[in-house]
Amino acid sequence: MSSLTPLGMPGMRPEPPPTDAPTWKTAWDAALYGPDGFFRRESPAAHFRTSVHTSNRFAEAVVRLVRDAGLDTVVDIGAGRGELLAAVHALAPDLELLGVEVARRPAGLPDAVAWTTALPESVDGLMIANEWLDNIPCHVVEMAPSGRAHVVHVDPRTGEESLGRPLDHDSVPASLAAWCERWWPLSPAAPGTRAEVGTTRDAAWADVVRRVTRGLAVAVDYGHTRDTRPPLGSLRSYRDGREAQVLPDGSRDVTAHVAVDAVADLVGATVLPQREALRALGVSGARPDLATATEDPAGYVRALSRAGEAAELTAAGGLGDFSWIVTAVGDVAAPFTG
């Protein structure tokens, strides 16, 4: 790893709003990453649960992935409070570990785990982002009764929305309409039909991948493809472990599912379900042989617990449906292709 460059959300030239409220992208960005933003002061684990928080089985899979690829560095983007890296360090203390997060270094993190608010300029190793792309703010657009798609604005205090300029207006970046046309077509569509424009997510992950000089880039997130886009969008908020009113006021998480096919297309990545990736890395939900319960009761209980943890990570309709977006760079063999 070498010098660091600032970590920030991909920018876009502003469009003059026809309302006093900011666009969803602007309000969302301020709510999560502003000076007093949600991720600067809150512990994500206090508000929502990810694969990292379920058990150490996810960390075991990360170590296996790194070992199989012959790598010795792990960079965790959107590292929360360092839970994944702490678990990886306990399993493999020889690995070089770096957490990237807008929040300051958490107390109690092992000294061997480095911490920064900036992306490394270059990495020879694994760059992994678990549920990071869904928190990259993006524009929201909606079909109006006129049959034209408009940029959606939102009042951060109340959540009240209003329609701004149409996508074909001169002040709106042409990239938004081009992305929608290719990845999330809205015409013809009923009024109220929505899209979350993935240009910022695509650009953010492409920036990560370009920094890998040799190794792997892996984004893990919930998402959809062109055939499964949610017609009303997927904006959600979580607070204190529960789903809450979607409100970009900084008091809660704001998230939306990722158009994983668009992200993968830009970086030439392979996409596979989490259940397939984890099973290939030895995370199995198969129950232990009942016969061992008599021979080694304590061992049987431990194996049964591990099987339950694996089952949660690979469950259909749950974490197992998450997508792994995987890019191999340099002489590192692409995993999950056998």
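Residues numbered from 1 in each chain as written. Predicted model: local features only at pLDDT ≥ 70, side-chain atom pairs only at ≥ 80, totals over all residues. Heavy atoms only, no water.

Now for empty space enclosed by the protein. Going through the model one piece at a time under the given rule, you end up with two cavities of 30 Å³ or more. Looking at the largest cavity, it is lined by 23 residues, and the ones nearest its centre are Gly78, Ala79, Gly80, Glu101 and Asn130. Those elements giving two or more residues to the lining of the largest cavity turn out to be α3 (51-54) and α5 (83-91). Taken together, Trp184, Glu196, Gly198, Arg201, Asp202, His224, His257, Val258 and Ala259 make up the full set of residues lining the second largest cavity. Class assignment of the residues belonging to the lining of the second largest cavity gives a composition of three nonpolar, three polar and three charged. (1 Å grid on protein atoms, 1.4 Å probe; cavity = no way out; pocket = protein on both sides within 12 Å on 5 of 7 lines; lining within 4 Å. Points joined across faces, edges and corners; volume = space filled by probe spheres on them. Helix = DSSP H or I, 4+ residues; strand = E, 2+ residues; numbered from the N terminus. Nonpolar A, V, L, I, M, F, W, Y, C, P; charged D, E, K, R; others polar.)

A few words now on the pairing of strand β6 (residues 123-130). Most of β6 sits out of view: seven of its eight residues are buried. Sheet topology note: the strand β2 (residues 73-77)/β6 ladder contains three bridges and is parallel. The partner of Val74 across the bridge, within β6, is Leu126. Bridging between β6 and strand β11 (residues 212-221) involves eight bridges; their strand directions are parallel. Considered in β11, the bridge of Ile128 is made with Val218. (Buried < 20%, exposed > 50% of the residue type's maximum accessible area, 1.4 Å probe, protein only. Pairing = 2+ DSSP bridges.)

A separate point is the sheet that holds strand β18 (residues 323-329). Across the sheet, which stays open at both edges, the seven strands sit in the order β4-β3-β2-β6-β11-β18-β17 with mixed pairing between neighbours. Since the sheet does not close on itself, it has two edges, and those belong to β4 (113-116) and β17 (270-273), each with one partner. Between one strand and the next, the sheet's axes are offset by a mean angle of 20°, whatever the strand orientation. Packed onto the sheet, helix α4 (residues 57-69) meets β2, β6, β11 and β18 and runs at close to 155° relative to β6. Running over the sheet, helix α8 (residues 260-267) touches β17 and β18 and is turned about 5° from β18. (Axes fitted to C-alpha atoms, helices over the stretch in contact; angles between N-to-C directions. Contact = heavy atoms within 4.5 Å.)

This brings us to the sheet that holds strand β8 (residues 149-154). The strand order β9-β8-β7-β10 describes an open sheet built from four strands, whose pairing is antiparallel. Looking at strand neighbours, the two that pair on one side only are β9 (161-166) and β10 (194-196), the edges of this open sheet. Strand-to-strand twist across the sheet, computed as the mean angle between neighbouring axes with direction ignored, equals 35°. Sheet topology note: the β8/β9 ladder contains four bridges and is antiparallel. Bridged to His150 within β9 is Pro166. Its contacts with the sheet place helix α1 (residues 24-33) against β7 (140-143), β8 and β9, and it is angled at close to 35° to β8.

Further remarks concern the nonpolar core. Ranked by internal contacts, the top residues of the largest apolar core, which has 40 residues, are Phe58, Val62, Val74, Leu126 and Trp324. Listing elements by their share of this core, those giving two or more residues are α4, α5, β4, β6, β11, α9 (274-280), α11 (297-314) and β18. When residues in this core are grouped by element, the largest group, eight residues, is from α4. Once residues within four sequence positions are removed from consideration, Leu126 is found in contact with Val62, Leu65, Val66, Leu71, Thr73, Val74, Val75, Leu216 and Val218. In this structure, Ile77, Val100, Ala129 and Ile136 belong to the second largest nonpolar core, which totals 26 residues. (Core = buried A, V, L, I, M, F, W, Y, C linked by side-chain atoms within 4.5 Å.)

The values are spatial; any link to function lies outside them.
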